[in-house]
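Breakdown of the fold
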Amino acid sequence: MKHLLKLADLSREEIFSVLNLADQLKYERANGVHHDYLKGKKLGMIFQKSSTRTRVSFEVGMYELGGYALFLSDRDLQIGRGEPIEDTARVLSRYLDGVMIRTFEQKEVEDFARYGSIPVINGLTDYCHPCQVLADLMTVREYKGSFKGLKFCFIGDGNNMANSLMVGAVRTGMRFSIACPKGYEPDANVTALARQAGDVEIVRDPAEAAKDADIVYTDVWASMGQEEEREKRCKAFAGYCVDANVMAAAKKDAMVLHCLPAHRGEEITADVFEAHAEEIFDEAENRLHAQKAVLCKLLK
Ligand code: CP
Ligand code: NVA
């Protein structure tokens, strides 16, 4: 593992290796055991979009591993004034041991990796969100014990989350089903790739996707950068809400996950959210453990 640009770059073995290390780090932290695995290492964190979880979990993760994290906003960097990513990559590679980037185009993280000489971690692009899905998989395994025979369902936009979840689900052996309106399907190439590895179903009816599901997942209707489409999207996604009807179709012991931030009353009802808050906030916590594992794999 040289970078984490997208989940599809990780083999099944690499995914399990990250998850196993994440479990170990979580267990040790709970028992007061800390490791300076990244002593003296410096991680740059470039943010071209807002963040609560990604920023704080990476910063705290580096601190806990004995390293240091620099928060770099595009409002302050020369990137925001047009300095090319290939130059930024070559400069920052001289100062840092690794970089995490949250941006719009996937090409930017790929270009940083191509021109720079340090490990690059994708902290969310319009295309995918691999760090979130590693935490999601970790949470599923924590609650369900294993991935074997599970059905993972996603209700809503075929966005960055859906793309990464689809790959993560099939690579770990789960069936994946998504309900989305026409025109909002996940990326066609990602779908084709996922279908080579497992069972992927795209349907229109949320209750059909949720039928006998073990995990019900949802995300916002309008992602960061799509603010102007908000009204149009709210209309298109009416009916794609994780509510009591969707949950009635899923298995009785189905868990509900959400990458957060959540919009109650849109993609999920307040009742469903609160009934599954424990799972959802464990999932948010697991960002820290999963990313510490990724940092160890890439920077140690
Ligand atoms: N889920 C997630 O990535 O949250 P943030 O946008 O707060 O980082
Ligand atoms: N799809 C959302 C995920 C946020 C973590 C977005 O890109 O805004």
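Below: a short report on this structure. Nothing here was measured: the structure is a model prediction, and the numbers come from that model.

Here's the deal with the packing of helix α5 (residues 130-144) against helix α12 (residues 277-299)
The interhelical angle for the contact between α5 and α12, taken along N-to-C directions, is 120°, at an axis separation of 7 Å. One element, α5, and the other, α12, form an angle in the oblique class. Read as a crossing pair, α5 and α12 show a hand that is right-handed. Residues Cys131, Gln132, Leu134, Ala135, Asp136, Met138, Thr139, Glu142 and Tyr143 of α5 pack against Glu278, Glu279, Asp282, Glu283, Asn286, Arg287, His289, Ala290, Gln291 and Val294 of α12.

Quick word on the packing of helix α1 (residues 12-30) against α5
Running from amino to carboxyl end, α1 crosses α5 at an angle of 70°, the nearest separation of the two axes being 10 Å. Comparing the axis directions of α1 and α5 gives the class roughly perpendicular. With respect to the hand of their crossing, α1 and α5 are arranged in right-handed fashion. Mapping the contact onto sequence places Ile15, Phe16, Val18, Leu19, Asn20, Ala22, Asp23 and Lys26 in α1 and Leu134, Leu137, Met138, Arg141 and Glu142 in α5. Considered class by class, the residues forming the contact of α1 with α5 number eight nonpolar, one polar and four charged.

Details of a negative patch on the surface
A cluster of acidic residues, Asp199, Glu201, Asp205 and Glu208, forms a negative patch at the surface. Position of Glu208 among the secondary structure elements: in helix α8 (residues 206-210). Judged by its relative accessible area of 39%, Glu208 is partly exposed.

Let's talk about the site of ligand 1
Residues in close proximity to ligand 1 include Ser51, Thr52, Arg53, Thr54, Arg102, His129, Gln132, Cys259, Leu260 and Arg287, which together make up its full environment. A distance of 2.8 Å separates an oxygen atom of ligand 1 from a polar side-chain atom of Arg53. The separation between an oxygen atom of ligand 1 and a polar side-chain atom of Thr54 is 2.7 Å. Alone, ligand 1 offers 250 Å² of accessible surface; in the complex the protein occludes 96% of this. For the shell around ligand 1, a count of residues per class yields two nonpolar, five polar and three charged.

Considering the sheet that holds strand β4 (residues 120-122)
With parallel pairing, four strands are arranged side by side in an open sheet as β2-β1-β3-β4. Bordering the open sheet on either side are β2 (68-73) and β4, each of which pairs with just one other strand. Taking the axes of each pair of neighbouring strands and ignoring which way they run, one obtains an average angle of 20° across the sheet. In terms of strand pairing, strand β3 (residues 98-102) meets β4 through three bridges, oriented parallel. Residue pairing for β4: Ile101 is matched across the bridge by Asn122. Across the face of the sheet, helix α2 (residues 53-64) comes into contact with β1 (42-47), β2, β3 and β4 while running at roughly 175° to β1.

Looking at the state of the cysteines
Scanning the entire structure with this criterion turns up zero disulfides. Free of any disulfide, Cys153 has its nearest neighbouring cysteine sulfur in Cys180, separated by 12 Å. Here Cys259 stays unpaired: no disulfide links it, and the sulfur of Cys131, its closest cysteine neighbor, is 13 Å away. Using a relative accessible area of 6% as the deciding quantity, one classes Cys259 as buried.

Digging into the nonpolar core
The biggest cluster of nonpolar side chains holds 57 residues, and the ones touching the most others in it are Ile121, Leu134, Phe152, Met174, Phe176 and Leu295. Setting aside anything within four residues of it in sequence, one finds Phe152 in contact with Val140, Leu165, Ala169, Met174, Arg175, Phe176, Ser177, Ile215 and Tyr217. Core analysis: the next-biggest nonpolar cluster, separate from the first, contains 23 residues, Val203, Ala210, Met247 and Val272 among them.

What to know about the pattern of salt bridges
Counted according to the given criterion, the structure contains 20 salt bridges. Of the charged contacts, one joins Lys292 and Glu64 as a salt bridge, the two residues approaching to 2.6 Å between their closest N and O atoms. Note that Lys292 is positioned in helix α12 and Glu64 in helix α2, a separation of 228 residues in sequence. Side by side, Lys292 and Glu64 carry an identical accessibility label, which is buried.

Definitions and limits used
Residues numbered from 1 in each chain as written. Chains lettered and ligands numbered in written order. Predicted model: local features only at pLDDT ≥ 70, side-chain atom pairs only at ≥ 80, totals over all residues. Heavy atoms only, no water. Axes fitted to C-alpha atoms, helices over the stretch in contact; angles between N-to-C directions. Helix = DSSP H or I, 4+ residues; strand = E, 2+ residues; numbered from the N terminus. Parallel < 35°, antiparallel > 145°, perpendicular 65-115°, else oblique. Left-handed = near helix turned anticlockwise from the far one by under 90°. Contact = heavy atoms within 4.5 Å. Nonpolar A, V, L, I, M, F, W, Y, C, P; charged D, E, K, R; others polar. Patch = residues over 30% accessible without salt bridge, like charges linked within 9 Å, V, L, I, M, F, W, Y side chains within 5 Å. Areas by Shrake-Rupley, 256 points an atom, 1.4 Å probe, with all protein chains shown as cover. Salt bridge = Lys/Arg side-chain N within 4 Å of Asp/Glu carboxyl O. Lys, Arg positive; Asp, Glu negative; His and termini not counted. Charge placed at Lys NZ, Arg CZ, Asp CG, Glu CD. Buried < 20%, exposed > 50% of the residue type's maximum accessible area, 1.4 Å probe, protein only. Near = heavy atom within 4 Å. Polar contact = N/O pair within 3.5 Å; in protein donor to acceptor, adjacent residues only side chain to side chain. Pairing = 2+ DSSP bridges. Disulfide = S-S within 2.5 Å. Core = buried A, V, L, I, M, F, W, Y, C linked by side-chain atoms within 4.5 Å.

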